[in-house]
Amino acid sequence: MPLPIGYSLRSLLVRWKSTFLAMIGIGLVVAVFVGLLSMASGFRLALRASGTVGNAIVLQKGAMSELGSSFSKAAGDWVTNDPRIVHGRDGAPLASPEFVAVVALPKRSDGELTNVGVRGVTPAAFHVRNGVTIVEGRRAQPGLFEILVGRQAQNRIQRLDVGSRISLMKREFEVVGVFSAESSSLESEIWGDFDAMASAFNHAGTENSLTVRLADPSVLPSLDRDLRANLQYPLEMVGERKYYEDQAGPLSRFLRGLAAFVAVVMGIGAVFAAMNTMYAIVANRTREVGTLRALGFSRSDVLMAFVLEGFFLAVAGGGLGCLLSFLMDGLRTSSTTASMSEIVFAFRVTTVDLGFGLLFAATMGVIGSLLPALRAARLPIISALREA
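Note that this is a predicted model, so its numbers are computed, not measured.

Q: Looking at this model, I keep getting lost on the overall build of the chain. Mind explaining?
A: In terms of regular secondary structure, the chain is built from 12 helices and 14 strands. Within the chain, buried positions represent 51% of all 388 residues. Here the contacts in the chain between residues at least 6 apart in sequence split such that 78% fall between residues at least 24 apart. Only carbon and sulfur atoms are counted for the fraction: they give 62% of the accessible area of the chain, which is about 18000 Å².

Here it is as structure tokens:
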């Protein structure tokens, strides 16, 4: 094995110009592939960060999202009385009843309307949901028509600066603060007092969801079974983190499917390009191949040498593509969730995405070099040595 590896590496270094050009081509293909994967990862991580370990969300039985869920306040109170939910020193349950809706507001960039999630919360929401902090202004006071806006919502929606006023369902709300939520999807929402929001949207007496802190996360399955078994209040419970991961599922799967499609289409072109390059390399090195065979190296040694050369070339190009993909890391875009609201998220290049990129490059290199390597291995010794 020392000959194939050493010979392959030296060949790439000696022919550094063609090696560099091939690396650029493969690198661009891998960069696009990893970029699409990083978009899917960023969307999934933004929603996953919205959930807290130990928290669970109560929804109407059969509802796919908070927007499609609705149950009475009495049903929510019945859930919070369960001893498996954390209660504070004052005896109050650590639970956040929430009202959820979607409104159309103009974007800062072009004035076009876009869907924005609106959430009515109680002060308990800031204790149940970790990582939500006020970065400007103050919290909305209970009972008043005041709102907090997420940092990303403020950046992309008109008239959401502190002190401005905005109309929601023909009701004027004053922006009194801006909050951050560790780059989660919550930063794309508008928060207001639960009762004020429910009144403005004519949904008094009902809740869309109830986020609770469990005394022990392991009790979630049993508590969910108890909720489902109750005939008076048809409810169900799911872990908060899992809920948000499920919300990311459809788009995340679409983006990964798109990445796979692009990989196949661009990969076929890259494989043929690599194959043509390797065929040209073999044609220009027939005398070298004949010399190797004359020195006693077998056909399999020659085959392995050219396959390894294609493999090393592709992996080097894949590494370049992975480095280029970091130019997209942190880029922000927006997309619509299952609840029809638009959230802002950042591209996130993960180690898994990089691993897939390198594997994709290596596969292209091996497939593209296999047929030229077979041709080199089958060259007769005498005719190869006679080639000019």
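Q: It is not clear to me how a nonpolar patch on the surface should be interpreted in this structure. Could you clarify?
A: On the surface, Trp16, Phe20, Leu21, Ile24 and Leu28 cluster together into a nonpolar patch covering about 550 Å² of accessible area. In this structure, Leu28 sits in helix H2 (residues 16-48).

Q: Explain the nonpolar core here, please?
A: Across soluble globular proteins, nonpolar side chains have a tendency to be buried as a group. Formed by 21 residues in total, the largest nonpolar core has its most connected members in Leu105, Ile147, Leu160, Ile190, Met197 and Phe201. Of all the secondary structure elements, the ones that give two or more residues to this core are strand E3 (95-106), strand E4 (113-121), strand E6 (146-150), strand E7 (165-168), strand E8 (171-180) and helix H6 (194-200). Looking at which element gives the most residues to this core, the answer is E3, with 4 residues. Among all residues touching Met197, those that are not within four sequence positions of it are Phe99, Val118, Arg119, Gly120, Ile147, Leu168, Phe173, Ile190, Trp191 and Gly192. Within the second largest apolar cluster, 19 residues are counted, among which are Val34, Ala314, Leu354 and Ala361.

Q: Quick question: what am I supposed to make of the packing of aromatic side chains here?
A: Between two aromatic rings, the relevant description is the distance of the centres plus the angle of the planes. All told, the structure shown has 8 aromatic pairs when counted by the stated rule. Seen in terms of ring centroids, Phe145 and Phe173 are 5.4 Å apart; in terms of plane orientation they differ by 80°. Their pairing is edge-to-face. Taken together, the residues span a long stretch of sequence, with Phe145 in the loop between strand E5 (133-137) and E6 and Phe173 in strand E8 at a distance of 28 residues. You can call Phe145 partly exposed: its relative accessible area is 27%. Here Phe179 and Trp191 contribute two aromatic rings whose centre-to-centre distance is 4.8 Å and whose plane-to-plane angle is 40°, an arrangement assigned as tilted. With a gap of 12 residues between them, Phe179 in strand E8 and Trp191 in strand E9 (residues 189-193) connect regions that are remote in the sequence. Pair check on accessibility: Phe179 and Trp191 agree, each one buried. Among the aromatic residues, those joined into a ring-pair cluster are Phe126, Phe179 and Trp191. The positively charged end of Arg139 is found above the aromatic ring belonging to Phe126, 4.1 Å away from the centroid.

Q: What's the story with helix H11 (residues 351-378) in this structure? I'm lost.
A: Three- or four-residue spacings in an α-helix give side chains the same orientation, since the helix completes a turn every 3.6 residues. For H11, spanning 28 residues, the distance from its first C-alpha to its last is 40 Å, which sits close to the expected 40 Å at 1.5 Å a residue. The largest bend in H11 amounts to roughly 40° and is located at Leu370, with the proline Pro372 lying one to four residues further along.

Q: What's the story with the pattern of salt bridges in this structure? I'm lost.
A: Side chains that differ in charge, positive against negative, can pair when their charged atoms come close. The tally for this structure, following the rule as stated, stands at 15 salt bridges. Across the salt bridge formed by Arg119 and Glu189, the nearest N and O atoms sit 2.8 Å from each other. Linking Arg119 in strand E4 with Glu189 in strand E9, this pair joins segments that are 70 residues apart in sequence. Residue classification places Glu189 among the buried residues on the basis of a relative accessible area of 11%. We note a salt bridge from Arg165 to Glu174, for which the minimum N-O separation is 3.7 Å. Several salt bridges converge on common partners, so that one network encompasses Glu66, Glu98, Arg119, Arg129, Glu189 and Glu240.

Q: In this structure, what is going on with unusual backbone geometry? I would like to understand it.
A: Most peptide bonds take the trans form, and the phi angle of most residues other than glycine is negative. Of note in the backbone geometry, Met169 takes a positive phi value of approximately 55° without being a glycine. Positive phi outside glycine occurs at Ser183, with the angle close to 60°. The topology assignment puts Ser183 in the loop between E8 and E9. With relative accessibility at 32%, the residue Ser183 sits in the partly exposed group.

Q: Just to check I follow, could you spell out the environment of Gln60 for this structure?
A: Within the secondary structure, Gln60 is located in strand E1 (residues 55-60). Residue Gln60 is classed as partly exposed on the basis of its relative accessible area of 29%. For the pair Gln60 and Glu236, spaced 176 residues apart in sequence, the C-alpha to C-alpha distance is 6.2 Å. Every residue in contact with Gln60, bar those within four places of it in the chain, is listed here: Gly68, Ser69, Ser70, Phe71, Pro234, Leu235 and Glu236. A distance of 3.1 Å separates a polar atom in the side chain of Gln60 from the backbone nitrogen of Ser70.

Q: What's the story with the packing of helix H10 (residues 299-325) against H11 in this structure? I'm lost.
A: Any two packed helices are characterised by how steeply their axes cross, that is the angle between the axes, and by the distance between the axes. H11 packs onto H10 with a crossing angle of 150° between their chain directions and a minimal axis gap of 7 Å. In terms of axis orientation, H10 runs roughly antiparallel to H11. Crossing of H10 over H11 shows right-handed handedness. Taken together, the residues of the contact of H10 with H11 sort by class into 18 nonpolar, 6 polar and 2 charged.

Q: Explain the environment of Leu371 to me, please; I cannot follow it from the model alone.
A: Its place among the elements puts Leu371 in helix H11. Note: C-alpha distance between Leu371 and Phe306 (65 residues apart in sequence) is 9.8 Å.

Thresholds applied
Residues numbered from 1 in each chain as written. Predicted model: local features only at pLDDT ≥ 70, side-chain atom pairs only at ≥ 80, totals over all residues. Heavy atoms only, no water. Helix = DSSP H or I, 4+ residues; strand = E, 2+ residues; numbered from the N terminus. Buried < 20%, exposed > 50% of the residue type's maximum accessible area, 1.4 Å probe, protein only. Contact = heavy atoms within 4.5 Å. Areas by Shrake-Rupley, 256 points an atom, 1.4 Å probe, with all protein chains shown as cover. Patch = residues over 30% accessible without salt bridge, like charges linked within 9 Å, V, L, I, M, F, W, Y side chains within 5 Å. Salt bridge = Lys/Arg side-chain N within 4 Å of Asp/Glu carboxyl O. Core = buried A, V, L, I, M, F, W, Y, C linked by side-chain atoms within 4.5 Å. Phe/Tyr/Trp six-rings, centres within 6.5 Å; stacked < 30°, edge-to-face > 60°. Lys NZ or Arg CZ within 6 Å of the ring centre and 35° of its normal. Expected span 1.5 Å × (residues − 1). Bend = angle between axes of the 7 residues up to and from the residue. Polar contact = N/O pair within 3.5 Å; in protein donor to acceptor, adjacent residues only side chain to side chain. Axes fitted to C-alpha atoms, helices over the stretch in contact; angles between N-to-C directions. Parallel < 35°, antiparallel > 145°, perpendicular 65-115°, else oblique. Left-handed = near helix turned anticlockwise from the far one by under 90°. Nonpolar A, V, L, I, M, F, W, Y, C, P; charged D, E, K, R; others polar.

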